Amino acid sequence: MKILLANDDGIMAPGIHTLAKHLIDKHEIIIIAPETQRSAQSHAITLHKPIVIKEVKLDGIDAPAYSISGTPADCVRVGMELLTDGDVDIVLSGINMGLNSGMDILYSGTVSAAIEANLYGVPSIAVSAEWCKGDVNYEIAAKYAVKLIDKLEIEKIDTPMVLNLNTPFDLHDPEEPIKVCRIGGPIYDYYMTESNGNGEKTLKVIGRKDTVLEEDTDRLFLSKGFATLTPLSYDFTNFKLMDKVRKCIEENDKCE
């Protein structure tokens, strides 16, 4: 298969290098990543200035690789519009340094790059690995991603597909299958406020709050040492409210 690799941690990030090394023997790969760290960019794209594209050589990886001055979503756009002529079987985004579970997917550049691939009609997988005490187990994430690609019959997928794969630092059981589950709830941050003496205040994220882990969610399974997989949809339409709102607007019914 022809695979486009992207990320939000940058072209020199160890995660994307690990993933490339696990794929290169069996697949044709092209690597396109931001020139610097672009985490938490969500689905931002570059509109008001040109995107600078540079070919780079990555140690130990015999595959075309490019850095861009744009965002993670831009990486996929550059790949599809310029560097591959749209000839891609699947896009893999990652391996991200840290989980993208729960509502963190809304802010994730890793997940957004995967979603951008779907806008071009290409299936995709976002891959993220738990950050634990200053370290990340990229090997586990890469092995699960490769297994997933081997199991999927990409050529038979006739609808857009975005899969969100997360792996814990320590697996509960290496032979345990991936838990296919829904995403968990919000993850709230601690903020610190300071005054700089010039009448201005600053706000800085300093940590995360403990929250209740809901049953059958990625966050709960990950906390127990399981890898998780969640199919995502980028259609934000609230279909449950569609008929109710339509009646209020079109039929002048009272909204209750």
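A brief structural summary. (Residues numbered from 1 in each chain as written. Predicted model: local features only at pLDDT ≥ 70, side-chain atom pairs only at ≥ 80, totals over all residues. Heavy atoms only, no water.)

1. Observations concerning unusual backbone geometry
Here's step 1: A cis amide bond links Gly94 with the next residue in sequence, Ile95, at an omega value of 0°.
Here's step 2: Positive phi, close to 50°, is recorded for Lys133, a residue that is not glycine.
Here's step 3: For Lys133, a relative accessible area of 81% translates into the label exposed. (Buried < 20%, exposed > 50% of the residue type's maximum accessible area, 1.4 Å probe, protein only.)

2. Looking at the sheet that holds strand β5 (residues 90-97)
The pairing of strands in a sheet happens through backbone hydrogen bonds and is either parallel or antiparallel.
Here's step 1: Reading across the sheet, the 9 strands line up as β3-β4-β2-β1-β5-β6-β9-β13-β10 and stay open at both edges, with mixed pairing between neighbours. At either margin of the open sheet sits one strand with a lone partner, and together these are β3 (53-56) and β10 (179-180).
Here's step 2: Relative to strand β4 (residues 65-68), strand β2 (residues 28-34) runs parallel, the two sharing 4 bridges. When the bridges of β4 are listed, Ala33 appears paired with Ser67.
Here's step 3: Relative to β2, helix α2 (residues 72-83) is tilted by about 135°, and along the sheet it contacts β1 (2-6), β2, β3, β4 and β5.
Here's step 4: On top of the sheet, helix α3 (residues 109-119) reaches β5, β6 (124-129), β9 (162-167) and β13 (228-232); it is set at about 170° to β6, its chief contact. (Pairing = 2+ DSSP bridges. Helix = DSSP H or I, 4+ residues; strand = E, 2+ residues; numbered from the N terminus. Contact = heavy atoms within 4.5 Å. Axes fitted to C-alpha atoms, helices over the stretch in contact; angles between N-to-C directions.)

3. Topic: the packing of aromatic side chains
Here's step 1: Counted according to the given criterion, the structure contains 1 aromatic pair.
Here's step 2: Of note, Lys179 hangs over the ring of Phe226, and the distance from its end group to the ring centre comes to 4.8 Å. (Phe/Tyr/Trp six-rings, centres within 6.5 Å; stacked < 30°, edge-to-face > 60°. Lys NZ or Arg CZ within 6 Å of the ring centre and 35° of its normal.)

4. Describing helix α6 (residues 239-250)
Here's step 1: Compared with the 16 Å implied by 1.5 Å per residue over 12 residues, the 17 Å span of α6 between its first and last C-alpha is a close match.
Here's step 2: Its side-chain oxygen 3.2 Å from the backbone nitrogen of Lys240, Asn238 forms the N-cap of α6. (Expected span 1.5 Å × (residues − 1). Polar contact = N/O pair within 3.5 Å; in protein donor to acceptor, adjacent residues only side chain to side chain.)

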